[in-house]
Amino acid sequence: EPEVTQTPSHQVTQMGQEVILRCVPISNHLYFYWYRQILGQKVEFLVSFYNNEISEKSEIFDDQFSVERPDGSNFTLKIRSTKLEDSAMYFCASSTLGREINEQFFGPGTRLTVL
Amino acid sequence: DQQVKQNSPSLSVQEGRISILNCDYTNSMFDYFLWYKKYPAEGPTFLISISSIKDKNEDGRFTVFLNKSAKHLSLHIVPSQPGDSAVYFCAASKGGAQKLVFGQGTRLTINP
């Protein structure tokens, strides 16, 4: 069964460093998303991406964040200068057109630890 | 932001019995509702969904009920199995590939 994959599974970084989280969405999906879950809190939306541009972003997704689809398979989230409060699980998700457009399929997540 | 609420942080059910998980929402613009199941150190796994034009959707052991007037939905699992033990998230969207807004989750434990 097709699935969303994410790398790395765990990333440890120093405050102020740049990190890139990588995702490979399901191959025929066209809509891509990043969410995050801080320990003990809700899963919260960061950004959605369609047709090579951002469709929507939350107030969390400030100038320190960017997304890119550098080729036909990868979807990346970059945090330019990490802060302690960026420590969280980051989930990539994707969805397709048609009847299942609303059903977002999630990857296993990347645990980001900022020291 | 409390647009989607799951008021029960945990629920314990005997194996073979019915599990009922509840979710309330406040935003009447939500058009589509989903349930996800999550194990530790994994991503949310899609379970079942329902459009606002329906009041019930069934898939095997899982049934979701939607009461639009009460802005309430519930997930029924019958019969409950030990493998159902996980955290269950309710999510809502305005439809059409819009962002999902999640509840806080309910930890379901199925006892043998």
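Before reading further, recall that the structure is shown in the block above.
Please read these numbers as outputs of a predicted model, since none were measured by experiment. (Residues numbered from 1 in each chain as written. Chains lettered and ligands numbered in written order. Predicted model: local features only at pLDDT ≥ 70, side-chain atom pairs only at ≥ 80, totals over all residues. Heavy atoms only, no water.)

Student: Talk me through the interface of chain B and chain A; I want residue IDs and the actual numbers.
Tutor: The partner chain A presents 18 residues to the 24 residues of chain B that form the contact. By the criterion of area lost to chain A, the three top residues of chain B are A97(B), K99(B) and F102(B), representing 32% of everything that side buries. Here chain B and chain A share one salt bridge between them. The closest approach of N and O atoms between K99(B) and E56(A), which form a salt bridge, is 3.7 Å. Across the chain B-chain A interface, the total number found is six residue pairs in polar contact (both at pLDDT 80 or more). Counting residues per element, the side of chain B that touches chain A draws most heavily on strand β4 (residues 32-38) of chain B, which supplies four residues. (Contact = heavy atoms within 4.5 Å. Buried area = accessible area lost by both parts, 1.4 Å probe. Salt bridge = Lys/Arg side-chain N within 4 Å of Asp/Glu carboxyl O. Polar contact = N/O pair within 3.5 Å; in protein donor to acceptor, adjacent residues only side chain to side chain. Helix = DSSP H or I, 4+ residues; strand = E, 2+ residues; numbered from the N terminus.)

Student: Give me the environment of K99(B): which residues, what numbers.
Tutor: Position of K99(B) relative to the elements: it lies in the loop between β9 (86-93) and β10 (101-102). Apart from residues no more than four positions distant in its own chain, K99(B) is found in contact with Y35(A), F45(A), E56(A), Q104(A), A92(B) and S93(B).

Student: Could you give an account of the environment of T5(A), with specific residues and numbers?
Tutor: All names here are of chain A. Among the structural elements, T5 can be located in strand β1 (residues 5-7). Look at T5 and you get partly exposed, because its relative accessible area is 33%. Separated by 86 residues in sequence, T5 and F91 place their C-alpha atoms 9.7 Å apart. Look past the residues within four positions of T5 in its chain and what remains in contact with it is R22, C23, V24 and P108. (Buried < 20%, exposed > 50% of the residue type's maximum accessible area, 1.4 Å probe, protein only.)

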